[in-house]
Amino acid sequence: MKVVEVNNKALRKEFLEFPVRLYKNDPAYIRPLDKDIEEVFDPTKNKLFRGGDACRWILQDAQGQTIGCVAAFYNEKLAMKDNEQPTGGMGFFHCINDQAAANLLFDTCKAWLQARGMEAMDGPINFGTRDRWWGCLVDGFTEPNYCMPYNYPYYRTLFENYGFQTYFKQYTYYRWIPDPLKPKVHEKAKKIYDDPRYTFDHMRLSKLEKYAEDFRTIYNKAWVKHSGVEPMTTEQALTIMKKLKPILDPEIILYAYYDGEPVAFFIMLPEMNQIVKHLNGQLNWWGKLKFLWYRRVVGVKKLFGVVFGVVPEHQGKGVESAIVYYYSTMAHKPGYRYKEMEMNWIGDFNPKMMRVAEDVGGRLYKTHITYRYLFDRQKPFKRYPVIE
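Attention here is on the structure that accompanies the text. (Residues numbered from 1 in each chain as written. Predicted model: local features only at pLDDT ≥ 70, side-chain atom pairs only at ≥ 80, totals over all residues. Heavy atoms only, no water.)

So, about the pairing of strand 12 (residues 340–343). One ladder, built from 3 bridges, connects strand 7 (residues 165–176) with strand 12; its direction is antiparallel. Across the sheet, the residue bridging to Arg175 is Met341, located in strand 12. Strand direction decides the pairing type here: strand 11 (residues 302–310) and strand 12, joined by 4 bridges, are parallel. Each residue of the ladder has a partner; that of Leu303, found in strand 12, is Met341. Taking the sense of rotation as the criterion, the β-α-β connection linking strand 11, helix 11 (residues 319–331) and strand 12 turns out right-handed. (Pairing = 2+ DSSP bridges. Helix = DSSP H or I, 4+ residues; strand = E, 2+ residues; numbered from the N terminus. Right-handed = clockwise from strand over helix to strand, strands pointing away.)

Within the secondary structure layout, Thr87 lies in strand 4 (residues 87–95). For Thr87, a relative accessible area of 7% translates into the label buried. At 2.9 Å, the side chain of Thr87 and the backbone oxygen of Gln85 are in polar contact. Excluding its chain neighbours within four sequence positions, the residues that come into contact with Thr87 are Ala79, Met118, Ala120, Met121, Asp122 and Arg372. (Buried < 20%, exposed > 50% of the residue type's maximum accessible area, 1.4 Å probe, protein only. Polar contact = N/O pair within 3.5 Å; in protein donor to acceptor, adjacent residues only side chain to side chain. Contact = heavy atoms within 4.5 Å.)

Below, the discussion takes up the packing of helix 4 (residues 99–114) against helix 5 (residues 155–162). Close contact between helix 4 and helix 5 brings their axes to 10 Å; oriented N to C, the two are set at 60°. Taken together, the axes of helix 4 and helix 5 lie oblique to each other. When the axes of helix 4 and helix 5 are compared, the crossing they make is right-handed. Residues Gln99, Ala102, Asn103, Phe106, Asp107 and Lys110 of helix 4 form the contact with helix 5, whose participating residues are Thr157, Leu158, Phe159, Asn161 and Tyr162. Its residues placed into classes, the contact of helix 4 with helix 5 shows 5 nonpolar, 4 polar and 2 charged. (Axes fitted to C-alpha atoms, helices over the stretch in contact; angles between N-to-C directions. Parallel < 35°, antiparallel > 145°, perpendicular 65-115°, else oblique. Left-handed = near helix turned anticlockwise from the far one by under 90°. Nonpolar A, V, L, I, M, F, W, Y, C, P; charged D, E, K, R; others polar.)

Formed by 67 residues in total, the largest nonpolar core has its most connected members in Met90, Phe92, Phe93, Met121 and Phe164. Listed in part, the 64 residues of the second largest apolar core include Phe200, Met232, Tyr257 and Phe291. (Core = buried A, V, L, I, M, F, W, Y, C linked by side-chain atoms within 4.5 Å.)

For Asn46, the location among the structural elements is in the loop between helix 2 (34–38) and strand 2 (52–60). On the basis of relative accessible area, Asn46 is assigned to the buried category, the value being 10%. Sequence-wise, Asn46 and Lys221 are 175 residues apart; in three dimensions their C-alpha atoms are separated by 28 Å. Residues in contact with Asn46, not counting those within four places in the same chain, are Glu39, Val40 and Phe127.

The final tally for this structure, using the stated rule, is 44 aromatic pairs. A centroid spacing of 5.0 Å and a plane angle of 55° characterise the contact between Phe106 and Tyr162, whose relative ring orientation is tilted. Here Tyr162 lies in helix 5 and Phe106 lies in helix 4, a separation of 56 residues in the sequence. Residue classification places Phe106 among the buried positions, given a relative accessible area of 0%. Each ring, one from Tyr162 and one from Tyr373, has its centre 4.9 Å from the other, and the planes form 35°; the classification is tilted. With Tyr162 in helix 5 and Tyr373 in strand 14 (residues 363–374), this residue pair connects regions lying 211 residues apart in the sequence. The exposure class assigned to Tyr162 is buried, which follows from its relative accessible area of 13%. Directly above the aromatic system of Tyr211 lies the positively charged group of Lys210, at a separation of 5.0 Å from the ring centroid. When the ring centre of Tyr167 is taken as origin, the NZ or CZ atom of Arg372, which lies over that ring, is 3.8 Å away. (Phe/Tyr/Trp six-rings, centres within 6.5 Å; stacked < 30°, edge-to-face > 60°. Lys NZ or Arg CZ within 6 Å of the ring centre and 35° of its normal.)

Moving on, we come to helix 6 (residues 183–194). Taking 1.5 Å as the rise per residue, helix 6 with 12 residues should run 16 Å; its terminal C-alpha atoms sit 16 Å apart, in good agreement. Listed as buried for helix 6 are Val185, Ala189 and Ile192. Seen end-on, helix 6 carries its buried residues on one side only, within an arc spanning 60°. Exposed and oriented more than 90 degrees from the buried face of helix 6 are Pro183, Lys184, Glu187 and Lys191. (Expected span 1.5 Å × (residues − 1). Arc of directions from axis to C-beta.)

Turning to a positive patch on the surface, a few remarks are in order. Taken together, the side chains of Lys47, Arg50, Lys77, Lys81 and Arg130 present a region of like positive charge at the surface. Relative to the elements of secondary structure, Lys47 occurs in the loop between helix 2 and strand 2. (Patch = residues over 30% accessible without salt bridge, like charges linked within 9 Å, V, L, I, M, F, W, Y side chains within 5 Å. Areas by Shrake-Rupley, 256 points an atom, 1.4 Å probe, with all protein chains shown as cover. Salt bridge = Lys/Arg side-chain N within 4 Å of Asp/Glu carboxyl O. Lys, Arg positive; Asp, Glu negative; His and termini not counted. Charge placed at Lys NZ, Arg CZ, Asp CG, Glu CD.)

Before going further, it helps to spend a moment on a nonpolar patch on the surface. Taken together, the side chains of Trp285, Trp286 and Leu289 make up a nonpolar region of the molecular surface, amounting to roughly 410 Å² of accessible area. Here Trp285 lies in helix 10 (residues 285–298). Overall, the relative accessible area of 64% leaves Trp285 in the exposed class.

With that settled, the discussion passes to the pattern of salt bridges. For side chains bearing opposite charge, pairing can occur when the charged atoms are close. Taken as a whole, this structure holds 20 salt bridges when the rule is applied. A salt bridge links Lys35 to Asp36; the shortest N-O distance between them is 3.1 Å. Note that Glu38 and Arg56 form a salt bridge whose closest N and O atoms lie 2.7 Å from each other. Taken together, the positions of Glu38 in helix 2 and Arg56 in strand 2 put the pair 18 residues apart, joining distant regions of the chain. Classification of Arg56 as buried rests on a relative accessible area of 7%.

Have a look at this one:
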């Protein structure tokens, strides 16, 4: 077997197309958009290259056929964030069911990271934010959501046999939208919904700046208290909304207000992989026409619940459930287009958000694992700390 660094156009294409061949007989696999993968490794698009680096490889057998691929990466600022040792990452791993092949790919990542001062690696993860390409799927082998990883069940064995240990588990919750809330949750939600001090609304594109500012207000109150989270500016909030504008449906961007002040949001998007699966990885002019056809004519029946946000003084009161109750006043009408929803993954280190997902009618649907491998095998392993 031979490891080959991806350093030219032909090898970049092979890096993208090997997984397509590997999963060709798996009906659940959806080929990602090539541009979404390539942007991760483009220093002009990925700001983590400022103070970091990444490298990709493919693995060939004796006949020169690709049997695996992987990437490793690090960022000096993130390497020590919440870590006891400098920690890099590895990801975009795909491999035949062969432990020796997988070990060679893992060893390649380890050696590359060690040469750059790292003492551990997390994987399979993204060289970027956690909402993309994060974790090894170990349960719930159904179609992946947009920019979420998919893999064969044997990957778990390949990782764990090498010595990777569970750093945290990632839970994806599912809700059949027409289902009613649990009676106790419904009662609590209805109480909030009927309180005249609370009002509920959905975004309107004609007032995008207002709803972007409401989003920013809630975000800053709800998350800035967490370690490493910077306050969001007005410009950043508006930029986020403008970037989402081509795909968002304003009726599923939901807000709650208390005495007229924004106190909570629930951001949902049409699940784009229901369209991406028809594009064969391409978003050229033909791909864009197909995208528009499926988006506007065929339509999407599945939602992706991106994030809940509730300001601290209104947490634990049932506001999240009240937002879902408000949404049900639209969603339970005959012929409503959206039928199912998967929520953004929640780490097992965040039991409060797991309870929220269950309260709004979610059931555990998929499990991914983020692994960690300590290069010093004598060092005690510690899992990601639970958020109190």
